[in-house]
Structure formats: structure tokens, C-alpha cells
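# Coordinates in review
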Amino acid sequence: MDIKFLGGAREVGKSCVLVDHSGGSTLLDCGIKLGAKEDQDRYPHITKEMIKRIDSVVISHTHLDHSGYLPHLYARGWRGKIYATKPTRDLMQLLLSDYLRIAKEERDPEFTQKDINNIMKDIEYIEFREKVKIGKGVHLTLYKAGHILGAALIRLEDRKSSLLYTGDFSYKESNILDKADSDIEPVDALIMESTYGGSGKTIELKTNSKELAEEVRKTIKKGGKVIVPTFGVGRAQELMLILDNYIKSGYIPKVDGFIDGMIKKANAIHRQNVIYAKEEIPKRILMAQENPFDSEYFNSPQTKSRSDVTKNDKATIILTTSGMITGGPVIKYMEELADDPNNKIILVGYQVEGTPGRDLMDGKKKVTLPNEKEVNVKASVKTLHFSAHADEKDLIKFALNIPKPRMVFLVHGDEEGTKNLNKELEKKELETYIPRLDEEFRI
Ligand SMILES: [Zn+2]
Ligand SMILES: [Zn+2]
């Protein structure tokens, strides 16, 4: 097989790998890089010639940095089979429609709702660990990746060689999901995400949950408002579950909290696809008649202006998209609430360079929002690493647990981090590569 990195190389964003195999050509993921301005940086490098020869696309999971380019691809005339899990399909419908709405506000989108509808028609569901023939002598298997509901590791083999592409994965069990499956048939090449590679950070859900509860409790007690910008899919559900538990236990005082920007819809899709969550979740629904994706303490705002949330002195918690403050209702909350020292902004995930979220994380006191408005940040800012990604130790452990790849490619991480991770993996005698954008390899 020949692989070519069309995005996600030495960066987090626009994940996309072209695989030429004995049965044709397949794209693994088809993402965009949110926050990037120029097309060259924002979109994967898919040429006209490639569009003609790509037969199929496999989507690892719903996040836009893995699926957001699909409607563009359709607008450019591509049609073909898309393979994904059912939750990925359902969540993608939500995320792509939201992406279209935001794109309409920001720029003239080259695609329409019709393209999204066609994508939905072309998707074929695959269950985890089910081996599917997708071309002459070419087989595809998806394995659980943790990370978010429906997220998959992608194994592809043709007559000569095989690869495992991880998409984004977590190697620890979360409140909702099992960890990534590493009981996988041997592969020649491993293409692994490395978001937290080389960072030295360890991600401990339990300690983070406690810290989150403590931070929220402190601000609520003095009557402030807590803004938690988050991905609407995956992390929002984890956070709501954690906060709901702490409110129920009395540790966090009872407040009327808010969920905003697609979180409610994503919650409903989680409920519908609950069989893809870890075993305990459907059991809980069955035994206790309790829906973990619904909380009496978190409701949607009642007004379009969000004045019922912002224009009063009530302490509250707001879970809202987007996670890096690149769009969504969080912009409104930033405008209204960031300059009050009583309030708190809690960043819970990776912040890509150049995003307002990253500026906040770096301690900037003036932040320019995507609508060009500048806000003074007097609210306190706290960063907690609530990541649904594998931390450095887990990345190494996972790479060693996959049966014997000859080559390991590190993608989906910044340059410095990937280089550090590379050193660690070489010590373990793995042959590693840090591909550059548009670089090609034969495996
Ligand atoms: Zn992701
Ligand atoms: Zn990603």
C-alpha cells in the first residue's frame, strides 16, 4: 500500500490520509482545521486528480477535524461509499449541519445541506470488529477507540500489507466509554495520533473531576458564573455527568445550570446509541430508569440573546460549545461575562495555537474573538486537562501493545511534541516517522 499524508501532519487538524491499495484508493478521515484562515492550512490537500480516483472514505469519528471536509468533497463532485459506525453517522449529521450554519455566518460555504444529505445516504454502518470487504482483496475492520461515542480505530489490509490508523483514541476507561481496543490482528504500519505526545502530561480522570468540582464549587459559592467551553460531542456529556454527580452529592451547591450549542441534541443521540457506551451505562438506564445523558440541573437557555443566563446575579454553570472558542454560543458568553472577576472560565481540552482558547490558556488578558470583538479577561482562567486522548504513557503503551508494526507514523500532534514522543518510541526499538504534509510512503 502507498500512503500519503494530506493533513494532520505535524499539526492537530485536517486529519486525512490517502491510501492507494490493491483495490483502489481510500481516504482515512477527511477533516478540517478549525481556526485556520487560509484554505491551504484549513483544508486537506486533496487534488482534483485524487477526487477522481478515491473510491471510499472511512471516518474514524465525528469531530470536525476528522469529518468536516466531507461536505466540501461532495461539493467538488465526489460520490462514493463512506464507512463509519452508527453513532458516528448520527453525530455527524448534527455536527455537519452545525458546521454549515457557522460557515454561513463566517464565509460563503462552498457546500449546501444537499451535500450533507448525500453524505448521509452514502454512509454504510459497520459494527466494531466486523471484517468488511471494501474492494478487491481489501478488508476493513473497525475497533473501539474510546475517545467519543462511536470512535473507531481503522484497520485496513490488502493482499500485500496492512495498517492501523488510530484516529483519536483514549487508552483509559471514561465515565461513558471503554478504552481503546488493542487486541488487534498484526499490522505492518501503525499511524498513531500523538496529541499529548512529548507533553509529559498524564491524564487522570478522577483527579481532574475532583479539581473541576472544586473550581466550580468555589466560584458558585461566591455567586459567580462558570463558563466551560467544550466540544459538544463526547466531552460535554462526560462533564455533565461528573457535575451532575457532584451537585447530587451536595458538594457543588444546587444551581440552575445551562447547556448550550448542540449539547442537548448530542445528549439525545448518546441516549439513542447507548449500546455503544460501556456496559454499565445501558444497565443503569435499564435498572434505575435513569438517563445519564439528561440532568435536571442543566437546561437550555430560554432566550436567543441568552439574557436569562447572563443578565442577572445568579451563580451558574454554563457548558457550551465550542471548546476552543472558535465559534458557537461561547462567544456570546465571553462577550458578556469574561470581564467580571467574579466569574471563571475553565478550559478542559487541547487548545490549538491561534485560537482564542489558546490565548486564554497562555494567560492573555485581552482576547480577540472570531467576530473580531476584543474582550478584557478579568474572570479567572483555569486549565484542566480533561482530554479524551491518550496521554504520553498511554501512547507508548498502546504502540507496544499492537502486534509488531514495522513502521510507526506519528500524526495529529504539534511538531515539538511528536519529536519528543518519537525519541521515546525509538528507545523501544520502534521504527518511527514524523510525516510532513503531502509526504508519501510505501508500506
Ligand atoms: Zn476527536
Ligand atoms: Zn482529532
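In case you missed it, the structure is sitting above this.
A short tour of the structure in this document, coming up. Keep in mind it's a predicted model, so treat the numbers as computed, not measured. (Residues numbered from 1 in each chain as written. Chains lettered and ligands numbered in written order. Predicted model: local features only at pLDDT ≥ 70, side-chain atom pairs only at ≥ 80, totals over all residues. Heavy atoms only, no water.)

## A few points about the overall build of the protein
Across its full length, the protein holds 15 helices and 22 strands. Rg of the C-alpha trace for the protein: 21 Å, near the compact-globule value of 22 Å for 443 residues, within the 12% margin. C-alpha extents for the protein along the principal axes are approximately 65 × 45 × 45 Å. Residue burial in the protein is summarised as follows: out of 443 residues, 61% are buried. Summing over all exposed atoms, the protein offers an accessible surface of approximately 18300 Å²; the carbon and sulfur share of this is 46%. (Helix = DSSP H or I, 4+ residues; strand = E, 2+ residues; numbered from the N terminus. Rg over C-alpha atoms; globule rule 2.2 N^0.38 Å. Buried < 20%, exposed > 50% of the residue type's maximum accessible area, 1.4 Å probe, protein only. Areas by Shrake-Rupley, 256 points an atom, 1.4 Å probe, with all protein chains shown as cover.)

## Comments concerning the packing of aromatic side chains
Counting across every chain of the model gives 13 aromatic pairs. Between Tyr 196 and Tyr 350, the ring centres sit 6.2 Å apart and the planes meet at 85°, which makes this aromatic pair edge-to-face. Within this pair, whereas Tyr 196 is found in the loop between strand 11 (189–193) and helix 7 (205–221), its partner Tyr 350 is found in the loop between strand 16 (344–347) and helix 13 (356–361), the two being separated by 154 residues in sequence. The buried category is assigned to Tyr 196, whose relative accessible area is 2%. Aromatic rings pair up to connect Phe 5, Phe 409, Tyr 433 and Phe 441 into one cluster. Over the ring of Tyr 171 we find Lys 179, and its NZ or CZ is 4.6 Å from the ring centre. (Phe/Tyr/Trp six-rings, centres within 6.5 Å; stacked < 30°, edge-to-face > 60°. Lys NZ or Arg CZ within 6 Å of the ring centre and 35° of its normal.)

## Details of the coordination of the zinc ion (ligand 1)
Of the protein atoms, only His 61 (NE2), His 63 (ND1), His 147 (NE2) and Asp 168 (OD) coordinate the zinc ion (ligand 1), at distances of 2.1 to 2.4 Å. Note that the zinc ion (ligand 1) binds 4 donor atoms; their angles at the metal cover 91 to 164°, and the shape is irregular. In this model, the zinc ion (ligand 1) sits 3.5 Å from the zinc ion (ligand 2), the two metals being bridged by Asp 168. You can see His 63 sitting in the loop between strand 4 (56–58) and helix 3 (64–67) and its partner Asp 168 sitting in the loop between strand 10 (162–165) and strand 11, a full 105 residues away along the chain. Taking relative accessible area as the criterion, Asp 168 reaches 2% and is therefore assigned buried. (Donors = N, O, S within 2.8 Å, 3.2 Å for Na, K, Ca; no water. Tetrahedral: all angles 85-135°; square planar, octahedral: opposite > 155°, others 65-115°.)

## Side note on the environment of Lys 222
Inspection of the secondary structure assignment puts Lys 222 in the loop between helix 7 and strand 12 (225–229). The spacing of Lys 222 and Asn 343 is 121 residues in sequence and 9.3 Å in space, taken between C-alpha atoms. Residues contacting Lys 222, with those up to four places away along its chain left out, are Pro 341 and Asn 342. (Contact = heavy atoms within 4.5 Å.)

## What about the coordination of the zinc ion (ligand 2)?
At 2.2 Å from the zinc ion (ligand 2) lie its protein donor atoms, namely Asp 65 (OD), His 66 (NE2), Asp 168 (OD) and His 412 (NE2). What the 4 donor atoms of the zinc ion (ligand 2) show is an angle range of 89 to 160° at the metal, which sorts the shape as irregular. Along the chain, the residues donating to the zinc ion (ligand 2) are arranged with the sequence spacing D-H-x101-D-x243-H.

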